[in-house]
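# Working through the structure, step by step
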Amino acid sequence: MFGNFDLDLIWRSAPYLFREGMTFTLTLTALATVGGVIFGTLLAMMRLSSYKWLGRVAAGYVNLMRSVPLLLVIFWFYFLVPYIGAWLIGSATPIQVGAFWSCVITFTLFEAAYFSEIMRAGIQSISRGQTFAGYALGLNYWQMMGNVILPQAFRNMIPLLLTQTIVLFQDTSLVYVLSITDFVGAASKIAQRDGRLIEMYVFVALVYFVICFVASRLVRRLQQRVAIIR
Amino acid sequence: MNYNWNWGIFWQTSPDGSGTYLDTLISGLGWTLSTALSAWAIALVLGSIIGVIRTTDSRLAVGLGNAYVELFRNVPLLVQMFLWYFVLPELLPSAMGAAIKQVPPPWGAFVPAVLCLGFFTSARVAEQVRAGIQALPRGQRMAGTALGLEPAQVYRYVLLPMAFRIILPPMTSEFMNIIKNSSIALTIGLMELTGRARSMQEFSFQVFEAFTAATILYISLNVVLVFGMRWLEKRAAVPGFVGPSVSGGH
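Reading the values: rules and limits
- Residues numbered from 1 in each chain as written.
- Chains lettered and ligands numbered in written order.
- Predicted model: local features only at pLDDT ≥ 70, side-chain atom pairs only at ≥ 80, totals over all residues.
- Heavy atoms only, no water.
- Helix = DSSP H or I, 4+ residues; strand = E, 2+ residues; numbered from the N terminus.
- Buried < 20%, exposed > 50% of the residue type's maximum accessible area, 1.4 Å probe, protein only.
- Contact = heavy atoms within 4.5 Å.
- Areas by Shrake-Rupley, 256 points an atom, 1.4 Å probe, with all protein chains shown as cover.
- Lys, Arg positive; Asp, Glu negative; His and termini not counted.
- Charge placed at Lys NZ, Arg CZ, Asp CG, Glu CD.
- Axes fitted to C-alpha atoms, helices over the stretch in contact; angles between N-to-C directions.
- Parallel < 35°, antiparallel > 145°, perpendicular 65-115°, else oblique.
- Nonpolar A, V, L, I, M, F, W, Y, C, P; charged D, E, K, R; others polar.
- Buried area = accessible area lost by both parts, 1.4 Å probe.
- Salt bridge = Lys/Arg side-chain N within 4 Å of Asp/Glu carboxyl O.
- Polar contact = N/O pair within 3.5 Å; in protein donor to acceptor, adjacent residues only side chain to side chain.
- Left-handed = near helix turned anticlockwise from the far one by under 90°.
- Phe/Tyr/Trp six-rings, centres within 6.5 Å; stacked < 30°, edge-to-face > 60°.
- UniProt positions renumbered as here; feature names shortened; annotations may be inferred.

In this section: the overall build of chain B. Counting secondary structure elements, chain B contains 10 helices and zero strands. Reading the secondary structure of chain B in the N-to-C direction produces α-α-α-α-α-α-α-α-α-α. In terms of overall dimensions, chain B has a C-alpha envelope of 70 × 50 × 30 Å along the principal axes. The 250 residues of chain B split such that 50% are buried. Restricting to contacts in chain B with at least 6 residues of sequence separation, those with at least 24 account for 76%. Carbon and sulfur atoms make up 66% of the accessible area of chain B, which totals about 12,100 Å². Across chain B, the centroid of the 16 positively charged side chains sits 11 Å from that of the 12 negatively charged ones.

So, about the packing of helix 1 (residues 21-53) of chain B against helix 9 (residues 193-204) of chain B. Residues and elements named next belong to chain B. Contact geometry for helix 1 and helix 9: axes closest at 7 Å, N-to-C directions at 155 degrees. By the angle between their directions, the pair helix 1 and helix 9 is classed as roughly antiparallel. Here Tyr21, Thr24, Leu25, Ser27, Gly28, Leu29, Trp31 and Thr32 of helix 1 come into contact with helix 9, specifically with Leu193, Arg196, Ala197, Met200, Phe203 and Ser204. For the contact of helix 1 with helix 9, the class distribution of residues is eight nonpolar, five polar and one charged.

Each side of the interface is counted separately: chain B has 37 residues, and chain A has 47 residues. Both faces considered, chain B and chain A share a buried interface measuring about 3,900 Å² in area, 73% of it formed by carbon and sulfur atoms. Where Glu70(B) meets Arg220(A), a salt bridge forms, and the shortest distance between an N and an O atom there is 3.4 Å. Joining chain B to chain A, the criterion identifies seven residue pairs in polar contact (both at pLDDT 80 or more). Those elements that place two or more of their residues in the side of chain B that touches chain A are helix 2 (59-73), helix 3 (77-91), helix 9 and helix 10 (207-236) of chain B. The leading source of residues in the side of chain B that touches chain A is helix 10 of chain B, at nine residues. Here the residues of the side of chain B that touches chain A are counted per class, giving 19 nonpolar, 13 polar and five charged.

Residue and element names in this part refer to chain B. Axis separation between helix 6 (residues 138-146) and helix 7 (residues 151-166) bottoms out at 10 Å; the angle between their running directions is 160 degrees. Comparing the axis directions of helix 6 and helix 7 gives the class roughly antiparallel. Remark: the crossing between helix 6 and helix 7 carries right-handed chirality. The residues of helix 7 that touch helix 6, namely those facing Gln140, Arg141, Gly144 and Thr145, are Val154, Tyr155, Val158, Leu159 and Met162. For the contact of helix 6 with helix 7, the class distribution of residues is five nonpolar, three polar and one charged.

With that settled, the discussion passes to the environment of Leu186(B). Here Leu186(B) shows up in the loop between helix 8 (168-181) and helix 9. With residues up to four places along the chain from it excluded, the contact list for Leu186(B) reads Leu71(A), Phe75(A), Val177(A), Glu192(B), Thr194(B) and Gly195(B).

Moving on to the packing of aromatic side chains. All names here are of chain A. This model, assessed by the stated rule, comprises 28 aromatic pairs over all chains. Consider the rings of Phe110 and Tyr114, whose centres lie 5.4 Å apart with planes at 45 degrees: the pair is tilted. Placement of the pair is Phe110 and Tyr114 together in helix 4 (residues 98-124), with a separation of four residues, close to one helical turn. Across the pair, exposure class does not vary: Phe110 and Tyr114 are buried alike. Clustering of aromatic rings is evident, with ring pairs tying together Phe18, Phe169, Phe183, Phe203 and Tyr208.

Next up on the list: the UniProt feature "domain: ABC transmembrane type-1" (unreviewed entry) in chain A. The sites that UniProt annotates as "domain: ABC transmembrane type-1" (unreviewed entry) are residues 22-219 of chain A. A helix fraction of 83% and a strand fraction of 0% characterise residues 22-219 of chain A, whose end C-alpha atoms lie 21 Å from each other.

Turning next to the pattern of salt bridges. Two side chains of opposite charge can pair, provided their charged atoms sit close to one another. Following the criterion strictly, the structure yields 11 salt bridges over all chains and no others. Its salt-bridge partner being Glu117(A), residue Arg47(A) comes within 2.9 Å of it at the nearest N-O pair. Pair noted here: Arg47(A) is in helix 1 (residues 7-48) and Glu117(A) is in helix 4, with a separation of 70 residues, a long-range link. By relative accessible area, which is 24% here, Arg47(A) ends up partly exposed. Using a relative accessible area of 15% as the deciding quantity, one classes Glu117(A) as buried. Measuring nitrogen to oxygen at the nearest pair gives 3.0 Å for the salt bridge that ties Arg124(B) to Glu174(B). Note that Arg124(B) is positioned in helix 5 (residues 107-135) and Glu174(B) in helix 8, a separation of 50 residues in sequence. Put simply, Arg47(A), Glu117(A) and Arg120(A) are held in one network by salt bridges that share partners.

Here it is as structure tokens:
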């Protein structure tokens, strides 16, 4: 069973796995989280705006993203969006941004749909009176949103946003289907080369488990600290 | 943009010779549904048991239940898929492992995919069931006990009927998740809907048509599901009780 478990292979390949693979995974997670929260907040504001059509566009986008598997979305952005982009600007050749940026764009736009639902709940949790108070003070919409509502909504939602980031971190492993060297991809390459699937996949599972477990514990602790006392 | 549109591609014979491209996509949809439904059966049974265990008084049982949920929640589904498909046969007694590896396709990929999705989703179902039971007023359990019911009877007749009604909305999104997540089985060679669209794109180069068709099929599936669950929710509704709203997750 575990009798010929090759610990040495893990020891030897760990630097490569973390330097190449984990760096990619973490960079992608960080960029997609920041991009996703920004775009998601915009989507949430669209849904809550007084322009009905704007809300419908945002709702349509969110529902579309939430009803299609992430893998299919990854394929769409990798194979098709370069063509659509070329068509939009009237170029004859597809617009290639490279695998990394393709992944960043995919995850930003996909996760924005999930982040937007969290931010929508966050904005709605702030009492309407604050909006009126903002306007009564003479603030315009953007000042009211930026200085009154969003800072509180964001603070309330930090634990949920971080939990979603942990999900996002795990989801980035799916870029494996594009043969990209993320953490799983890097381990996969070594597993195939040396024919040591057990060692590599058990190790990968362990690393993900430790990171996600610790992160979710920290989020739980943070949850108590950021809670606004009313 | 130089792209040769060919919507007629769906009526052309696919290279595997089993019919048209449309037939292979529909058969992929069939595999998606069978994978999701079989996994859902596992997830529902196992998830309910673990969820109930986590609301009992035994600290040991609660601890084990929590460990189960943490284990399946903190490892990416793709990695779990690899563990079930590549690693599990190696850990079993060698004769059994060899027998598993010789199972012909598509069953060789179908069974591990169902087990993987079933166990993965059971942890999420367990979380919902626990939340549902704990959302009930504490008095309900006490009232049940005061009436002379055994603990098992309290769950069966008092707590679970209400808890399952409360968690219907989050369970709907879990069911959608299992359908979407079944696409990850393509990484171990199960030719479900996304896998079929991908291979159609590789053989015919009609990338837009293939992925558009798959996307429309997934969306249609979702619409049917949402309406079905809304109907179920109305039928099962108890006046005065509303389910908790849950956001995030996949």
